[in-house]
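# Summary of the model geometry
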Amino acid sequence: MRTPSLWEDMVAQRPEHSVWYATRMRTMAAEGADLAGEARFVDAMVPRGSRILDAGCGPGRVAAALTAVGHTTVGVDVDPVLIDAAREDHPDGTWVVGDLAELDLAAHGIDDPFDVIVCAGNVMTFLGHATHAPALSRMRAHLAPQGRVAVGFGTARGYLPEAFFADVETAGLQVDATFSTWDLRPYAADSDFLVAILSAA
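Residues numbered from 1 in each chain as written. Predicted model: local features only at pLDDT ≥ 70, side-chain atom pairs only at ≥ 80, totals over all residues. Heavy atoms only, no water.

The name an unreviewed UniProt entry assigns to the protein chain is Methyltransferase family protein, from the organism Sanguibacter keddieii.

And the structure:
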């Protein structure tokens, strides 16, 4: 039986939350907020025209920014309301409703692997507690041979870095680099945010 994500549990209790979140992102964009920091980070990792998966894409801000600079992107999110917002705001994108812990893009006709998978916006902390390692494993399964995963989340949101690093190993991945921000500040044991670059072990 499928384990619902913490995001789905939250939306079940507050059905308006998804619409609120999509509206918040649209408002921030309209006000000129910098919403492309993660996209700049990922763009620096690969040449133009790379294939990039935005895992837990929400309303599509990261994937859309990467598409705008010349990459081929796919966005996946478990929340159909957020995917609908992504399709409305970024109609040129490829958007899929899906659970990261059961990710199977071939079932949606998307067969080619990805040069980078980005998982930003605290997505990992919104997964079900038992699904972190399976989600990382499914990401690994969608990587190109030299592909990498870029994951970022707050370290005080119920998913400790030590648990994450253990799940990375379980998923057949390895940690290549760590930072405390998407603008490459060094990671330390007391950092309140973790950005990790992973590759196949």
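## Some words on the overall build of the protein chain
Regarding its fold elements, the protein chain presents 7 helices and 7 strands. In sequence order, the secondary structure elements of the protein chain are arranged as α-α-α-β-α-β-α-β-β-α-β-α-β-β. Relative to the 2.2 N^0.38 estimate, which gives 17 Å for 201 residues, the radius of gyration of the protein chain is 16 Å and therefore close to what a compact globule would have. For the protein chain, the spread of C-alpha atoms along the principal axes amounts to about 40 × 40 × 35 Å. Per-residue burial for the protein chain yields a buried fraction of 49% across its 201 residues. (Helix = DSSP H or I, 4+ residues; strand = E, 2+ residues; numbered from the N terminus. Rg over C-alpha atoms; globule rule 2.2 N^0.38 Å. Buried < 20%, exposed > 50% of the residue type's maximum accessible area, 1.4 Å probe, protein only.)

## A look at the environment of Ala200
By secondary structure assignment, the location of Ala200 is in strand 7 (residues 193-200). Distance from Ala200 to Val78, taken between C-alpha atoms, is 25 Å for residues 122 residues apart in sequence. In contact with Ala200, not counting residues within four places along its chain, are Arg140, Gly172, Leu173 and Gln174. (Contact = heavy atoms within 4.5 Å.)

## Quick word on the pattern of salt bridges
Tallying each qualifying case throughout the model produces 9 salt bridges. With a shortest N-O distance of 3.6 Å, Glu88 and Arg26 are connected by a salt bridge. With Glu88 in helix 5 (residues 80-89) and Arg26 in helix 2 (residues 17-30), this pair connects stretches of sequence that are 62 residues apart. Its relative accessible area of 60% is what places Glu88 among the exposed residues. Asp43 is the salt-bridge partner of Arg48, the closest N and O atoms lying 2.5 Å from each other. Take Arg48: its relative accessible area is 54%, and that puts it in the exposed class. Owing to a relative accessible area of 17%, Asp43 belongs among the buried residues under this scheme. In this structure, a network of salt bridges that share partners links the residues Arg2, Glu8 and Asp99. (Salt bridge = Lys/Arg side-chain N within 4 Å of Asp/Glu carboxyl O.)

## As for the pairing of strand 2 (residues 72-77)
Burial analysis of strand 2 places 5 of its 6 residues in the buried class, the great majority of the element. The handedness of the strand 1 (residues 51-55) to strand 2 crossover, carried by helix 4 (residues 61-68), is right-handed. As paired strands, strand 2 and strand 3 (residues 94-97) are joined by 4 bridges and run parallel to one another. What sits directly across from Asp77, in strand 3, is Val97. The parallel pair strand 2 and strand 3 is bridged by helix 5, and the resulting crossover is right-handed. (Right-handed = clockwise from strand over helix to strand, strands pointing away. Pairing = 2+ DSSP bridges.)

## A look at the sheet that holds strand 7
Read from one edge to the other, the open sheet built from 7 strands follows the order 3-2-1-4-5-7-6, with strand pairing classed as mixed. The strands lining the two open edges of the sheet, one partner per strand, are strand 3 and strand 6 (173-179). The mean angle between the axes of side-by-side strands here comes to 20 degrees, regardless of whether they run parallel or antiparallel. When strand 1 meets strand 4 (residues 114-119), the two strands line up parallel, connected through 3 bridges. Among the inter-strand pairings, Asp54 is bridged to a residue of strand 4, identified as Val118. Strands strand 1, strand 4, strand 5 (143-154), strand 6 and strand 7 of the sheet are contacted by helix 6 (residues 132-141), whose axis makes an angle of about 145 degrees with strand 5. (Axes fitted to C-alpha atoms, helices over the stretch in contact; angles between N-to-C directions.)

## Thoughts on the UniProt feature "domain: Methyltransferase" (unreviewed entry) in the protein chain
UniProt's feature table lists "domain: Methyltransferase" (unreviewed entry) at residues 52-147, given in the numbering used throughout. The span residues 52-147 shows a helical share of 29% and a strand share of 26%, and its end C-alpha atoms are spaced 10 Å apart. (UniProt positions renumbered as here; feature names shortened; annotations may be inferred.)

## With respect to helix 6
Buried within helix 6 are the following residues: His132, Ala133, Ala135, Leu136 and Met139. The buried residues of helix 6 all sit within an arc of 160 degrees when viewed along its axis, so they share a single face. Buried residues in helix 6 make contact with strand 1, strand 4, strand 5, helix 7 (161-170), strand 6 and strand 7. (Arc of directions from axis to C-beta.)

## Structural notes on the nonpolar core
In this structure, Met124, Leu136, Met139, Phe164 and Leu198 are the most contacted members of the largest nonpolar core, which totals 30 residues. Secondary structure elements with two or more residues in this core: strand 1, strand 2, strand 4, helix 6, strand 5, helix 7 and strand 7. It is strand 5 that contributes the most residues to this core, 4 residues altogether. Discounting residues that sit within four places of it in the chain, Met139 has contacts with Ala55, Leu100, Ile117, Cys119, Met124 and Val149. In terms of nonpolar packing, the next biggest core, distinct from the first, is built from 17 residues, Phe41, Met45, Ala150 and Ile197 among them. (Core = buried A, V, L, I, M, F, W, Y, C linked by side-chain atoms within 4.5 Å.)

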